[in-house]
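Letter by letter, the chains look like this.
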Amino acid sequence: CTSSMDVAENILPDQQVPCVRVRLGAALVASSNNYVTVHVSAAQDLAVRLAEELISHQYSLAQWQRHPLHPSMAADINAEWVFLIDLLNYSFFSDLDAPPFTVAYNGQSYTGYWSLCAAVNRAIEDGVDLCDAAVRAKLTYSQFEHIFRSETPTKAPLLETRYQHMIAASETLLERFEGKFANLIRAAEHNAQSLITMVLHHFPTFRDISPWQGQDVYILKRAQILIADLWGCFQGQGLGQFDDIDELTMFADYRVPQSLVYFGLLEYSPALLATLQSGEELAHNDPREVAIRACSIHAVEVLKEQVSAILAERKAEDVILNAVILDFYLWDIAKADAAKMADIPIHRTRCWFY
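The rules behind each value
- Residues numbered from 1 in each chain as written.
- Predicted model: local features only at pLDDT ≥ 70, side-chain atom pairs only at ≥ 80, totals over all residues.
- Heavy atoms only, no water.
- Helix = DSSP H or I, 4+ residues; strand = E, 2+ residues; numbered from the N terminus.
- Rg over C-alpha atoms; globule rule 2.2 N^0.38 Å.
- Buried < 20%, exposed > 50% of the residue type's maximum accessible area, 1.4 Å probe, protein only.
- Contact = heavy atoms within 4.5 Å.
- Areas by Shrake-Rupley, 256 points an atom, 1.4 Å probe, with all protein chains shown as cover.
- Phe/Tyr/Trp six-rings, centres within 6.5 Å; stacked < 30°, edge-to-face > 60°.
- Lys NZ or Arg CZ within 6 Å of the ring centre and 35° of its normal.
- Salt bridge = Lys/Arg side-chain N within 4 Å of Asp/Glu carboxyl O.
- Axes fitted to C-alpha atoms, helices over the stretch in contact; angles between N-to-C directions.
- Parallel < 35°, antiparallel > 145°, perpendicular 65-115°, else oblique.
- Left-handed = near helix turned anticlockwise from the far one by under 90°.
- Nonpolar A, V, L, I, M, F, W, Y, C, P; charged D, E, K, R; others polar.
- Pairing = 2+ DSSP bridges.
- Core = buried A, V, L, I, M, F, W, Y, C linked by side-chain atoms within 4.5 Å.
- Expected span 1.5 Å × (residues − 1).
- Arc of directions from axis to C-beta.
- pLDDT = per-residue confidence, 0-100.
- Lys, Arg positive; Asp, Glu negative; His and termini not counted.

**Points about the overall build of the protein chain**
The helix and strand tally for the protein chain stands at 16 helices and six strands. In summary, the protein chain has a C-alpha radius of gyration of 20 Å against a globular reference of 20 Å for 354 residues, a match within 12%. Projecting the C-alpha coordinates of the protein chain onto the three principal axes gives extents of approximately 55 × 45 × 45 Å. Sorting the 354 residues of the protein chain into buried and exposed places 56% on the buried side. Pairs at least 24 apart in sequence give 75% of the contacts found in the protein chain among residues at least 6 apart. If you sum the accessible surface of the protein chain, you get close to 14600 Å²; carbon and sulfur atoms cover 50% of it.

Next up, the structure:
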């Protein structure tokens, strides 16, 4: 197994920890783009609402385990479930005028991220142990297609890419970590930055880095949400204990920016808004796409500061607050209040980073 220092030299040559690079890059893009504006003053109302819900425990880390498709127990095997989910957790929006990829499971139909969870859980119940890297490594593409069968004529986007990522990652686990992602977690010794760095080294599909004015901007959506989901699955204990969890930023996807626009923290330029409303896809690493993602990260950092100030003023010292909680909250709102946000377009970028 490669040491975390060796990995840091390979992936982060200036020795900055991953999440520091994410924050610095986000601030750079937020201050130097003409596509997206971060409105600091707009964060206050949402910050008050969030602080009140956190203080009253209306929202907390416990929300993660409450969804019926998420594991509800902190068993070691669920670290493998989380790794598989976040290995494949990207690009679920539908093509225009096409029905969404939809998974039927336990009498319900699921789309988006939940379709991934439902497909994996359905396969496990059907006797395909997807939490076992050796089983995954032997799956044929036709078997993988069957696992991700849809109720609609629409296949899961990028299905062949997902299959390739699953096979490659499973083989890496078998060759280097005795088939267990839990072995990487233990090697990180409760340090999220170390685990992210190891993940970036061993699993290239997680290297979510975009160019901006001649510099690399680290976004690392799936590498960070992998840590966050482990934290949620294990409720901050055991394999989910990360002493530096507060260093994570939000996970820049296409759904949380919609929430941020809804609450006024982000504003798109008229030209960008018109492009998004037309349904036109933005290529990955298009400057407009980078701006949306980076400004979302910066906006949540601003929001975090304001919520933190309110919690300090109210002496709510027992409340857990970090970008993970804020991201989960904003994503849940975007899903729950989808009808209210229907007029706010998501940005459509077909790639495997989110």
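Structure's up, so let's keep going.
**Re the packing of aromatic side chains**
As enumerated under the stated definition, the model contains 16 aromatic pairs in all. Measuring from ring centre to ring centre gives 4.8 Å for tyrosine 113 and tryptophan 114, while their planes differ by 65°; the resulting arrangement is edge-to-face. Both residues of the pair, tyrosine 113 and tryptophan 114, belong to the buried class. Through successive ring pairs, a cluster of aromatic residues spans Phe83, Phe181, Phe203 and Phe206. Over the aromatic face of phenylalanine 92 sits the side chain of arginine 162, whose NZ or CZ is 4.4 Å from the ring centroid. Lying across the ring of phenylalanine 93, arginine 350 places its NZ or CZ 3.9 Å from the centre.

**Topic: the pattern of salt bridges**
Inspection of every chain in the model, using the stated rule, returns 10 salt bridges. Close ionic contact of arginine 350 with aspartate 95 constitutes a salt bridge, the shortest N to O distance being 3.1 Å. One end of the pair, arginine 350, is in the segment after helix H16 (323–336); the other, aspartate 95, is in the loop between helix H5 (77–87) and strand E2 (103–105), with 255 residues separating them in the sequence. Note on arginine 350: relative accessible area 24%, which makes it partly exposed. A salt bridge links aspartate 208 to arginine 293, with the shortest nitrogen-to-oxygen separation between them at 2.7 Å. Of this pair, aspartate 208 sits in the loop between helix H11 (192–202) and strand E4 (209–212) while arginine 293 sits in helix H15 (residues 287–313); the two residues are 85 residues apart in sequence, bridging distant segments of the chain.

**What to know about the packing of H5 against helix H6 (residues 113–125)**
Helix packing geometry: the angle between the two helix axes and the distance between the axes. Interhelical geometry of H5 versus H6 gives an angle of 135° and a closest axis separation of 10 Å. Regarding the angle of H5 to H6, the classification is oblique. As H5 packs across H6, the resulting crossing turns out to be right-handed. Where H5 abuts H6, its residues Trp81, Leu84 and Ile85 lie against Tyr113, Leu116, Cys117, Val120, Asn121 and Ile124. Counted by class, the contact of H5 with H6 contains eight nonpolar, one polar and no charged residues.

**Some remarks on the pairing of E4**
Here is the key point about a regular strand: its side chains alternate between the two faces of the sheet. Side chains of E4 alternate between two faces, with Ser210 and Trp212 buried and Ile209 and Pro211 left unburied. Bridging between E4 and strand E5 (residues 215–218) involves four bridges; their strand directions are antiparallel. Bridge pairing links isoleucine 209 to tyrosine 218 in E5.

**Remarks on the nonpolar core**
Residues Phe181, Leu195, Leu230, Leu248 and Leu303 are the most contacted members of the largest nonpolar core, which totals 130 residues. Among the elements that make up this core, the one with the highest residue count is H15 (13 residues). Leaving out residues up to four positions away in the same chain, leucine 230 has contacts with Ala79, Val82, Phe181, Ile185, Leu195, Leu239, Gly240 and Phe242.

**Some remarks on unusual backbone geometry**
Excluding glycine, a negative phi dihedral is what most residues carry, and trans is how most peptide bonds are arranged. Even without being a glycine, histidine 190 presents a positive backbone phi close to 65°. For histidine 190, a relative accessible area of 33% translates into the label partly exposed. One non-glycine residue with positive phi stands out, namely glutamine 213, at about 50°. Residue position: glutamine 213 is located in the loop between E4 and E5. A relative accessible area of 58% places glutamine 213 in the exposed class.

**Overview of the environment of leucine 273**
Examined against the element boundaries, leucine 273 turns out to sit in helix H14 (residues 270–277). Not counting the four nearest positions on each side in its chain, leucine 273 is found in contact with Tyr268 and Pro345.

**Points about helix H2 (residues 18–31)**
Between its first and last C-alpha, H2 extends 20 Å over 14 residues, near the 20 Å set by a 1.5 Å rise per residue. Buried residues of H2: Pro18, Cys19, Arg21, Val22, Gly25, Ala26 and Val29, and no others. Seen from one end, H2 has its buried residues packed into an arc of 150°, which puts them on one side. Buried positions along H2 lie against H11, E4, E5, helix H12 (221–233) and H15.

**Digging into the confidence of the model for the protein chain**
Of the residues in the protein chain, 95% have a pLDDT of 70 or more, and the chain-wide mean is 94. Per-residue pLDDT stays below 50 along residues 1–13; that stretch engages in 26 contacts with residues further than four places along the chain or on separate chains.

**Focus on the side chain of glutamate 289**
Among the secondary structure elements, glutamate 289 is positioned in helix H15. In this structure, glutamate 289 is buried with no salt-bridge partner, the nearest side chain bearing the opposite charge being arginine 293 at 4.3 Å.

**Regarding the environment of leucine 311**
By the element assignment, leucine 311 lies in helix H15. Judged by its relative accessible area of 6%, leucine 311 falls in the buried class.

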